[in-house]
Amino acid sequence: YLANDTGKVRAGMSCLVHAAAGGVGHILVQLAKKAGASVLATVGSADKADAVRKLGADEVILYRDTPFLAAVKGWGDKQGVDVVYDSIGKATIADTIKAVRMHGLCVLYGNSSGLVDAIAPMDLAAAGSIFFTRPRLAHHLRNREEISRRANDLFNGVKEGWLDARVADVVPLADAAKAHQKLPSRSTIGKIILAVG
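Note that the structure is a prediction, hence the values are computed from the model and not measured.

Criteria and thresholds
Residues numbered from 1 in each chain as written. Predicted model: local features only at pLDDT ≥ 70, side-chain atom pairs only at ≥ 80, totals over all residues. Heavy atoms only, no water. Helix = DSSP H or I, 4+ residues; strand = E, 2+ residues; numbered from the N terminus. Rg over C-alpha atoms; globule rule 2.2 N^0.38 Å. Buried < 20%, exposed > 50% of the residue type's maximum accessible area, 1.4 Å probe, protein only. Contact = heavy atoms within 4.5 Å. Areas by Shrake-Rupley, 256 points an atom, 1.4 Å probe, with all protein chains shown as cover. Lys, Arg positive; Asp, Glu negative; His and termini not counted. Charge placed at Lys NZ, Arg CZ, Asp CG, Glu CD. Pairing = 2+ DSSP bridges. Axes fitted to C-alpha atoms, helices over the stretch in contact; angles between N-to-C directions. Salt bridge = Lys/Arg side-chain N within 4 Å of Asp/Glu carboxyl O. Expected span 1.5 Å × (residues − 1). Polar contact = N/O pair within 3.5 Å; in protein donor to acceptor, adjacent residues only side chain to side chain. Core = buried A, V, L, I, M, F, W, Y, C linked by side-chain atoms within 4.5 Å.

Draft legend 1. Layout of the overall build of the chain. When helices and strands are counted, the chain shows eight helices and eight strands. Relative to its length of 197 residues, the chain is compact, with a C-alpha radius of gyration of 16 Å against a globular reference of 16 Å. The principal-axis extents of the C-alpha atoms in the chain amount to approximately 50 × 35 × 35 Å. Split into buried and exposed, the 197 residues of the chain put 40% on the buried side. Counting only contacts in the chain whose residues sit at least 6 apart along the sequence, the fraction spanning at least 24 positions is 57%. Entry remark: accessible area of the chain is about 10600 Å², with carbon and sulfur atoms responsible for 55%. Averaging the positions of the 25 positive and the 19 negative side-chain charges in the chain gives two centres separated by 2 Å.

This is the structure:
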């Protein structure tokens, strides 16, 4: 839903995916590349950078070494990207907005660094009259047809071999708290799965 409906990613577009080695990020990178977009990705380590490059990212930004806004503004035509996918939230949102090209889209879909409780309309105007959205998965799974289409997009990608859905760890449901502790550690590549039974 983030790639196909929210961002409407297609050939010729450019995207920035924050936390590109994470559970959603690594899927977004691949969906955007499959659609024909150029993809910039932020990651926190060399291992994650290697993993994301192998998934097709055109440019990988080690955000601990290089401010991502400077890297985005120095890339391509130096005007920013068409769509930014931000799962980080509070720590990144100000520069995320500035990384979007004029009339582009900022998609805030997570809050791993804290909730973003306000966006000033004038910040959106100053950044180039950009659009801003905070989508939720539940709003894109309203009926059986939507659920089937989204599941098929992913399962067909895995079956056809172009989508690598990485599993970082499988944790028993009884240890769900441990799984949640792994997320802010920023040490995983891919999804953390809770095993039931």
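Here the narrative resumes.
Draft legend 2. Summary view of unusual backbone geometry. Even without being glycine, lysine 8 reaches a positive phi, approximately 45 degrees. Take lysine 8: it is sitting in the loop between helix 1 (2-6) and strand 1 (14-17). Positioned with a positive phi, serine 129 is a non-glycine residue whose angle comes to about 55 degrees. The class for serine 129 is partly exposed, based on a relative accessible area of 41%.

Draft legend 3. Seen up close, the sheet that holds strand 6 (residues 131-133). Taken in spatial order, the six strands make up an open sheet running 3-2-1-4-5-6, and their pairing is parallel. With one partner strand each, in any of the chains shown, strand 3 (59-62) and strand 6 form the two edges of the open sheet. Averaged over all neighbouring strand pairs, the angle between strand axes comes to 15 degrees, with direction disregarded. Judged from the five bridges that link them, strand 4 (residues 81-86) and strand 5 (residues 100-108) form a sheet pairing that is parallel. Counted as the bridge partner of aspartate 86 is leucine 108 from strand 5. The strands that helix 3 (residues 46-54) touches are strand 2 (38-43) and strand 3; relative to strand 3, the one it contacts most, it runs at about 165 degrees.

Draft legend 4. Summary view of the pattern of salt bridges. A complete count under the given rule lists ten salt bridges for this structure. Between aspartate 82 and arginine 101 there is a salt bridge; the shortest N-O distance is 3.3 Å. Placement of aspartate 82 in strand 4 and of arginine 101 in strand 5 is noted, with a sequence separation of 19 residues between them. Among the charged side chains, a salt-bridge network with shared partners connects Asp5, Glu145, Arg149 and Arg150.

Draft legend 5. Representation of helix 7 (residues 144-160) in the model. End to end, helix 7 covers 23 Å across 17 residues, agreeing with the expected 24 Å (1.5 Å per residue, within 8%). Along helix 7, the residues classified as buried are Glu146, Arg150 and Gly157. The elements touched by buried residues of helix 7 are helix 1. Its side-chain oxygen at 3.1 Å from the backbone nitrogen of glutamate 145, asparagine 143 defines the N-terminal cap of helix 7.

Draft legend 6. Main features of the nonpolar core. Judged by nonpolar contacts, the single largest core of 28 residues is most densely connected at Val29, Val52 and Tyr85. Elements with a minimum of two residues in this core: helix 1, strand 1, helix 2 (25-35), strand 2, helix 3, strand 4 and strand 5. Considering every element that reaches this core, the biggest residue donor is helix 2, with five residues. If we ignore the near neighbours within four places in the chain, the residues touching tyrosine 85 are Leu2, Ala3, Gly7, Val9, Cys15, Leu16, Val17, His18, Leu28, Val107 and Tyr109.

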